[in-house]
Amino acid sequence: MKKKILLTGCAGFIGSNFLKKIAVPNKDYNFVVLDALTYAGHYPTIERDIEENEHLSFVKIDIRDNEKVRELFETQKFSGAIHFAAESHVDNSIKNPNIFVETNVLGTLNLLNASLHHGEENFRFCHVSTDEVYGELTESEPAFTENHKIAPNSPYSASKAGSDLLVRSYAETFGMDTVMTRCSNNYGPYQFPEKLIPVMIAKAMADEKLPVYGDGRNIRDWIFVDDHNIGVWNVFLKGKKGEVYNLGGDAEMRNIDVVKTILKVLDKSEDLIGFVEDRKGHDWRYAMDFTKAKNEFGFSPKVTFEEGIKLTVKWYLDNQEWVDSVKKAKV
Ligand SMILES: NC(=O)c1ccc[n+]([C@@H]2O[C@H](COP(=O)([O-])OP(=O)(O)OC[C@H]3O[C@@H](n4cnc5c(N)ncnc54)[C@H](O)[C@@H]3O)[C@@H](O)[C@H]2O)c1
């Protein structure tokens, strides 16, 4: 009998890419996609994948709904879960932090409880987290390792850290088989046009001003979404019980240089850059040390930023209809 794996949040950016690149070709498993289809979840992105593949199915459930989550686990008999679903946009968490705690903390708790009580034997829970739970680095500090203290600075990262700690506690208290990834900034196709790279591509294409926070010198590590998802799948399959794995793209860049690269790829003038008031509590720098994932299962990002950004800009140029439909669906 094939194992059945729950994938949460696969109508969103990273999850939909996971579905297309990892779940679709992996017919040794059955995958059940759960998504509430919030403003960030767009069913048409994955509709054909679900319809054309018998080993994939979809349920519209909000992970905040404990009863529905429990019923799903009772009926489906999962052997594992990979948990992508979350409220994920830092700016939204500054405006409305409550839903971040409801989805990211309480929603994850509902999944953990259902997994504990109704998961099949040898059930594994893979929690997809973020580098932002570590807080920020100065320019000279070494990159985050998995042993770095948890010091989140935004309501988003605090809610993700809350879920990370719950996952840890279920492993420690109940002996649950959990693994966790913490990854740096992703970019690639199907990213909702609210995040830095799709926003800048859209503005540049429309010859509008590109709004850069502060002086643009904040540093992020960028990873192409497929490299992240290969890492997540390897952690799910090969990670050691109870462990956390950092994943990263080995591509630290200042925000201003990311924006300049996009303008260059699109052959647009840097005069389009405009600086705007800095984000509240804007972390200065993130950088990931992923030696552990490299040593244990050979994780290494394959797509360089130069290649990945060209692929991404081309994808947005070719898929303007998707951008329009995502925006329209949410108005
Ligand atoms: N984007 C990044 O750069 C990045 C980096 C590291 C880690 N992560 C983590 O990866 C995961 C996916 O991020 P993303 O960028 O794809 O996010 P996203 O916002 O694009 O997608 C989130 C998905 O979760 C769904 N969702 C939200 N609330 C839900 C709820 N209450 N019940 C069920 N489904 C719900 C949405 O409908 C959407 O499909 C998140 O856990 C995020 O913290 C993201």
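Before reading further, recall that the structure is shown in the block above.
First, a word on scope: everything that follows refers to the structure included in this document. The residue numbering used here restarts from 1 in each chain and proceeds along that chain's sequence as written. Whole-chain, interface and lining totals are the exception, using all residues; otherwise, since this is a predicted model, local features are given only for residues with pLDDT of at least 70 and side-chain atom pairs are given and counted only at 80 or more. The side-chain quantities take in all heavy atoms of the structure and omit both hydrogens and water.

### Side note on the packing of helix α7 (residues 196–205) against helix α9 (residues 255–265)
This is how the line gets drawn: The angle between two axes is taken between their N-to-C directions and runs from 0 to 180 degrees, where each axis is a line fitted to C-alpha atoms and a helix contributes only its stretch in contact. Helix and strand labels come from DSSP, where a helix needs a run of H or I of at least four residues and a strand needs a run of E of at least two; each type is numbered from the N terminus. Angle categories are assigned with fixed cut-offs, so that under 35 degrees is roughly parallel, over 145 is roughly antiparallel, 65 to 115 is roughly perpendicular, and the rest are oblique. Note on convention: near helix rotated counterclockwise from far helix by under a right angle means a left-handed crossing. Clockwise means right-handed. In what follows, a contact means two residues having at least one pair of non-hydrogen atoms within 4.5 Å. Side-chain classes are defined by residue name, with Ala, Val, Leu, Ile, Met, Phe, Trp, Tyr, Cys and Pro counting as nonpolar, Asp, Glu, Lys and Arg as charged, and the others, Gly among them, as polar.
Running from N to C, α7 and α9 cross one another at 40 degrees; their axes reach a closest spacing of 10 Å. The orientation of α7 relative to α9 falls into the category oblique. For the crossing formed where α7 meets α9, the hand is right-handed. On α9, the residues touching Leu196, Ile197, Met200, Ile201 and Ala204 of α7 are Asn255, Val258, Val259, Ile262 and Leu263. Tallied by class, the residues present in the contact of α7 with α9 amount to 9 nonpolar, 1 polar and no charged.

### A closer look at the pairing of strand β9 (residues 219–224)
Quick reminder of the rule: Three labels apply to residues, based on accessible area from a 1.4 Å probe with only protein chains included: buried if under 20% of the type maximum, exposed if over 50%, partly exposed otherwise in between. Think of it this way: DSSP has to see at least two bridges between two strands before they count as a pair.
Among the 6 residues that make up β9, 6 are buried, leaving the element largely enclosed by the rest of the structure. Inspection of the sheet shows strand β7 (residues 185–187) paired to β9 by 3 bridges, in the parallel sense. Residue pairing in the sheet places Asn185 in a bridge with Trp222 of β9. Judged from the 3 bridges that link them, β9 and strand β11 (residues 252–254) form a sheet pairing that is antiparallel. Within β11, the residue paired with Ile219 across the bridge is Arg254.

### Thoughts on helix α1 (residues 13–23)
Counted residue by residue, α1 has 8 buried out of 11 residues, so it is predominantly covered. All of the buried residues along α1 are Phe13, Gly15, Ser16, Asn17, Phe18, Leu19, Ile22 and Ala23.

### Things to note about the site of the ligand
Selection rule: Proximity criterion: a residue is near a molecule or strand once any of its heavy atoms comes within 4 Å of it. Two N or O atoms count as a polar contact when they lie within 3.5 Å, although within protein this holds only if one can serve as hydrogen donor and the other as acceptor, and sequence-adjacent residues are included solely when both atoms are side-chain atoms. Accessible surface is estimated by sampling points in the Shrake-Rupley manner with a 1.4 Å probe; for residues, cover comes only from the protein chains shown.
If you check the shell around the ligand, you find 31 residues, and the closest are Ile14, Asp35, Ser88, Tyr156 and Lys160. The backbone of Gly12 places a nitrogen or oxygen atom 2.9 Å from an oxygen atom of the ligand. A distance of 2.6 Å separates an oxygen atom of the ligand from a polar atom in the side chain of Tyr156. Bound to the protein, the ligand loses 97% of the 840 Å² it would expose on its own. Sorting the residues of the shell around the ligand by element identifies α1, β2 (29–35), β5 (124–130), α6 (155–174) and β7 as the ones contributing at least two each. Among the elements that take part in the shell around the ligand, β5 stands out by supplying 3 residues, more than any other. Broken down by class, the residue content of the shell around the ligand amounts to 15 nonpolar, 11 polar and 5 charged.

### Some thoughts on the nonpolar core
Rules: Definition of nonpolar core: a set of buried residues of the types Ala, Val, Leu, Ile, Met, Phe, Trp, Tyr and Cys, connected through side-chain atoms within 4.5 Å.
Counting residues in each nonpolar core, the largest one holds 32 residues, and the members touching the most others are Leu7, Phe18, Leu19, Phe31, Ile82, Val232 and Trp233. Apart from the residues lying within four places of it in its own chain, the contact partners of Leu7 are Phe18, Leu19, Ala23, Phe31, Val32, Val33, Leu34 and Ile82. Of all hydrophobic cores here, the second largest spans 31 residues; its members include Val32, Ala85, Val105 and Ala114.

### Points about the pattern of salt bridges
Formally: A pair is scored as a salt bridge if a Lys or Arg side-chain nitrogen falls within 4 Å of a carboxyl oxygen belonging to Asp or Glu.
Applying the stated criterion to the full structure yields 20 salt bridges. Residue Arg48 pairs with Glu52 through a salt bridge whose shortest N-O separation is 3.1 Å. Highlighted residues: Arg48 and Glu52, both in helix α2 (residues 44–52), separated by 4 residues, approximately one helical turn. The exposed category is assigned to Arg48, whose relative accessible area is 58%. In this structure Glu52 comes out as exposed when scored by relative accessible area, which is 54%. Salt-bridge contacts for Asp62 lead to Arg64; the nearest nitrogen and oxygen are separated by 2.7 Å. Looking at Asp62, the relative accessible area reads 24%, which means it is partly exposed. The network of salt bridges with common partners includes Asp62, Arg64 and Glu102.

### Things to note about the environment of Tyr316
Here Tyr316 lies in helix α11 (residues 305–318). According to the relative accessible area criterion, Tyr316 is buried, its value standing at 3%. As a C-alpha pair, Tyr316 and Lys195 span 121 residues in sequence and 13 Å in three-dimensional space. Excluding residues within four positions of it along the chain, Tyr316 makes contact with Gly188, Pro189, Tyr190, Gln191, Pro198, Ile201, Met205, Trp322 and Val323.

Interpretation note: all reported values are geometric properties and have no functional meaning in isolation.
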